[in-house]
Amino acid sequence: QVQLIESGGGLVQAGGSLRLSCAASGLTFSTYTMGWFRQAPGKEREFVAAISWRGPRTYYADAVKGRFTISRDNAKNTVYLQMNSLKPEDTAVYYCAADNFGVEISKIREYDYWGQGTQVTVSS
């Protein structure tokens, strides 16, 4: 079965950096658009970034543009999210997701598979 396993979350001070990883198995990784979403306490899950399978092309939410970088390594079936200049408002559970069609890449409903999430906490 398909598994997406996130890692790399933790506690960091404002202005610091973290790199999240998402290891995928059970799917043809190189043909999937991969996305990162996050959910803060009491808020809805929101789009953070995505990377297409072709190109690849990258997409970012305005809130993270210029600070976060998404990348993928198809040989390792892994997608990454490099997060720099972290702010307390970036605190959330971060989820990795896989999308077989790659059309509405910022929409939760677009994605077929989801990981369990990894906690990122940014202290002020």
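Look up: the structure comes first, before these words.
Attention here is on the structure that accompanies the text. (Residues numbered from 1 in each chain as written. Predicted model: local features only at pLDDT ≥ 70, side-chain atom pairs only at ≥ 80, totals over all residues. Heavy atoms only, no water.)

### Thoughts on the sheet that holds strand E8 (residues 78-83)
If you walk across this open sheet you meet the four strands as E1-E3-E8-E7, and the pairing is antiparallel. Sheet topology places strand E1 (3-7) and strand E7 (68-73) at the edges, where each strand pairs with a single neighbour. Direction aside, neighbouring strands of the sheet carry axes that sit 15° apart on average. Both E7 and E8 contribute to a ladder of six bridges, which runs antiparallel. What sits directly across from Arg72, in E8, is Val79. (Pairing = 2+ DSSP bridges. Helix = DSSP H or I, 4+ residues; strand = E, 2+ residues; numbered from the N terminus. Axes fitted to C-alpha atoms, helices over the stretch in contact; angles between N-to-C directions.)

### A closer look at the packing of aromatic side chains
On inspection of all chains with the given rule, the structure shows five aromatic pairs. Joined through ring pairs, the aromatic side chains of Phe37, Phe47, Tyr111 and Trp114 make up one cluster. The lysine or arginine in question, Arg72, covers the ring of Phe29, its NZ or CZ lying 4.6 Å from the ring centre. (Phe/Tyr/Trp six-rings, centres within 6.5 Å; stacked < 30°, edge-to-face > 60°. Lys NZ or Arg CZ within 6 Å of the ring centre and 35° of its normal.)

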